[in-house]
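Chain by chain, the residues run as shown.
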Amino acid sequence: MTKITAEHLGRGAFVYIRQSTADQLLHNTESRRRQYGLADRARQLGWTSVEVIDDDLGRSGGGIKRPGFERLLAAICEGRVGAVLAIEASRLARNGRDWHTLIEFCGLVGTVIVDEDGIYDPRHPNDRLLLGMKGTMSELELSLFRQRSHEALKQKARRGALFLGVAAGYAKAGHDRIEKDPDQRVQDALKLVFSKFVEFQSVRQVHVWLRDEGIALPVKSHKAAEGRCIVWKLPLYNTVHNILTNPVYAGAYAFGRTMSKVSVENGRKRIKRGLRRPQTEWDVLLKDQHAGYITWSEFERNQRVIADNATGKGALARGAVRRGELLLAGLLRCGHCGRKVYVGYGGKAGRYYCQGALVNHGTQRCISFGGLRADHAVGAEVLRVLKPLGIDAAVKALQAQTGETAAAQRQLELALQQARFEAAHSRRQYDAVDPANRLVAGELERRWNEALQVAQQIEGEIAGLEASKQAPLGEKERQHLMQLGSDLELAWSHPAATAATRKRILRAALHEIVVRVEGDHVEMILHWQGGDHTALKLKKNTVGKHRWTISEDTLSLVRELARQMPDRQIARLLNRVGKPTGRGNGWIEARVRSFRSHHGIAVYREGEWAERGEITLEAAAQIIDVSVMTALRMIQRGVIKGRQLCKGAPWVIKVEDAAAYRAQNAPQRPLSADPAQQTFEFQ
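Residues numbered from 1 in each chain as written. Predicted model: local features only at pLDDT ≥ 70, side-chain atom pairs only at ≥ 80, totals over all residues. Heavy atoms only, no water.

Trainee: Describe the sheet that holds strand β2 (residues 50–53), with residues and values.
Mentor: On the basis of which strands lie adjacent, the open sheet formed by five strands has the order β2-β1-β3-β4-β5 and mixed pairing. Both edges of this open sheet fall to β2 and β5 (119–120), since each of them pairs with a single strand only. One ladder, built from two bridges, connects strand β4 (residues 112–114) with β5; its direction is antiparallel. Looking at the pairing, Val114 lines up with Ile119 of β5. (Pairing = 2+ DSSP bridges. Helix = DSSP H or I, 4+ residues; strand = E, 2+ residues; numbered from the N terminus.)

Here it is in structure tokens:
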């Protein structure tokens with residue numbers, strides 16, 4: 001008792017109460033009574049002011065934010081706490097950081113810690129050592145509990161006997177196995193999802209089709225009032241995606257498909273749960289554990305298709321079939337850098353281009369080429385390979401035409417059977433009650449009416465579906481379709497064949513296409529689904545070229561001449577050297593002006609020669625003080641530097657070159673002693 005002084009009693013005693021989970025609050029009532037009983041013990045020890053902190057009931061002490069504990073620390077720092085009472089160290093904290101922070105604060109302000117075993121003053125070394133050991137034992141105890149439970153779960157999961165929840169379409173058969181739901185409507189709905197994914201090859205398209213057709217899917221209900229049962233709802237995208245990616249529907253038992261990630265935010269531990277792991281990192285994967293709706297090979301093929309459609313995940317995915325006329329979108333991969341080739345639409349036709357280097361490194365695009373010629377070449381090659389399969393495709397098209405609405409009608413018929421059962425059940429309940437007991441009979445009558453309305457609504461939907469059915473193909477239409485099957489190329493180019501249909505045909509036959517651009521040719525390697533390869537080489541369309549295009553040397557010549565002379569003189573010079581227009585006509589001033597404006601060439605300005613420090617051959621001869629012919633011979637021998645664009649174009653000499661030659665070769669003495677001597681100039 002000597003550890004409790006008058007200073008301690010002059011402050012308040014704080015009783016900290018905590019239980020970890022809501023289940024403990026509901027069932028472990030004795031532990032809570034023991035903790036509240038610490039308030040009486042504080043009064044027995046001499047405290048008159050006792051405050052109970054129970055804000056953290058139902059909160060774990062392993063690092064999650066606890067407002068009650070923070071309020072306790074704030075009161076300690078303010079010097080209002082003389083003693084902290086708890087039944088044991090694990091109630092105050094389950095981690096070393098919170099526990100040692102509490103001990104440190106209590107030691108600074110002189111607060112004692114009281115539990116059921118004794119009274120401890122953190123300022124005394126022995127008490128501080130004992131408190132530290134108790135906190136360490138509490139932390140170790142939590143780790144042992146967690147390890148035991150996790151290892152027990154993993155051991156049961158390795159046997160394929162751990163079922164924390166059962167997916168829609170399955171029901172528990174005992175404690176360690178599951179079997180298909182006996183409800184035929186549930187089974188047919190799930191089979192419909194998988195069959196439509198095979199048809200559409202896209203989760204989004206399956207979801208849209210189900211919503212458009214008004215087909216509900218079974219979903220597990222977790223509401224307390226309803227219990228764990230099946231409810232029927234129009235599907236969300238996540239519902240369809242979870243069905244297609246859950247290995248349980250392939251007859252496999254999987255455990256550890258998701259993980260938790262721990263991070264520290266604002267000084268507190270934060271846990272993100274439900275992060276998906278790659279299949280190679282799953283803890284347990286046991287195939288053929290129960291009856292599946294699809295085979296494991298079909299499940300793996302579905303996962304590859306979904307991964308290829310995920311264009312936003314950063315992988316080299318093909319992507320789902322999208323709108324647009326170009327057919328090779330998603331199939332092309334750059335042979336230079338290995339990145340995905342994109343599609344761009346501008347003007348009348350689209351182009352394929354690789355912009356990975358531009359986006360990631362700021363460099364130029366790897367490749368870019370027109371799409372029409374590439375689509376035509378690849379389409380022709382695919383048709384050549386698939387031509388023997390045309391008849392089989394026509395037969396399957398006939399089957400699809402008759403069975404397109406069969407799946408939706410089947411689901412409505414099953415829903416009608418269930419609705420009629422519910423109505424009959426409600427009627428039996430109504431017949432069994434005494435009609436005089438209106439409190440019960442009125443409610444049962446209302447339920448019966450609702451069940452009848454649901455059945456009537458489904459009957460109306462079935463009637464509408466029957467009315468919207470297309471008439472079956474006649475003999476003439478069947479023969480025409482079979483003829484198209486025998487001539488696959490005609491079916492490919494048929495006006496009714498859409499770009500989306502052609503894309504699906506290409507994706508069914510091709511895995512990917514590696515493309516390179518070498519010079520003026522596009523080289524493609526077609527990787528077929530079966531593993532074979534085919535090489536194609538196409539002539540690349542030159543950008544901006546057509547049969548009326550003027551040659552590059554003429555364009556360069558006009559670009560240079562525009563810096564030396566006006567348009568009229570340029571036209572005369574081009575006609576003299578034999579450079580016609582693109583259509584073979586001669587040049588006139590207006591044509592030169594139009595050509596120069598089209599290519600963004602500036603007009604000639606007076607004084608450009610002087611601004612660049614250039615002069616003509618005649619001006620250079622005057623500076624050197626020689627004749628024009630002598631100056632020309634000097635340029636041809638290399639004595640003076642000069643350039644001429646073409647025959648007939650003016651010679652261009654730098655002023656400094658002519659001045660430098662004049663300064664180096666100036667006469668040292670006069671040619672004659674007679675100052676009146678004149679120079680004889682040859683004409």
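Trainee: Go over the sheet that holds strand β19 (residues 521–528) with me, naming the residues and quoting the values.
Mentor: Taken together, four strands build an open sheet; the order of strands is β14-β18-β19-β20 and the sheet is mixed. Every interior strand has two partners, whereas the edge strands, β14 (332–334) and β20 (533–539), have only one. Shown here is a sheet whose adjacent strand axes are inclined to one another by a mean of 25 degrees, direction ignored. In this structure, β14 lies alongside strand β18 (residues 510–518), joined through three bridges in parallel fashion. Each bridged residue has a counterpart across the sheet, and for Cys334 the counterpart in β18 is Val515. In the packing of helix α20 (residues 499–509) onto the sheet, contacts are made with β18 and β19, and the angle to β18 comes to roughly 95 degrees. (Axes fitted to C-alpha atoms, helices over the stretch in contact; angles between N-to-C directions. Contact = heavy atoms within 4.5 Å.)

Trainee: Mind laying out the packing of aromatic side chains, listing which residues take part and the relevant values?
Mentor: Aromatic ring pairs are described here by two measures, namely the spacing of the ring centres and the angle between the planes. Considering all chains together, one arrives at nine aromatic pairs under this definition. When the centroid spacing of 5.6 Å and the interplanar angle of 75 degrees are considered together, the rings of Trp587 and Phe595 count as edge-to-face. Here Phe595 falls in the buried class, since its relative accessible area comes to 10%. Grouping aromatic residues by their ring pairs yields a cluster made of Tyr170, Phe194, Tyr249 and Tyr293. Across the ring face of Tyr293, the terminal group of Lys180 is positioned such that the distance to the ring centre comes to 4.5 Å. Here the basic side chain of Arg185 rests over the ring of Trp232, its NZ or CZ set 3.7 Å away from the ring centre. (Phe/Tyr/Trp six-rings, centres within 6.5 Å; stacked < 30°, edge-to-face > 60°. Buried < 20%, exposed > 50% of the residue type's maximum accessible area, 1.4 Å probe, protein only. Lys NZ or Arg CZ within 6 Å of the ring centre and 35° of its normal.)

Trainee: Can you lay out the pairing of strand β16 (residues 349–353) for me, pointing to particular residues and giving the numbers?
Mentor: Across five bridges, strand β15 (residues 342–346) lies against β16 in antiparallel orientation. Looking at the pairing, Tyr345 lines up with Gly350 of β16. Summarising the sheet, β16 and strand β17 (residues 368–370) pair through three bridges and their orientation is antiparallel. Paired with Tyr353 across the strands is Ser368, a residue of β17.

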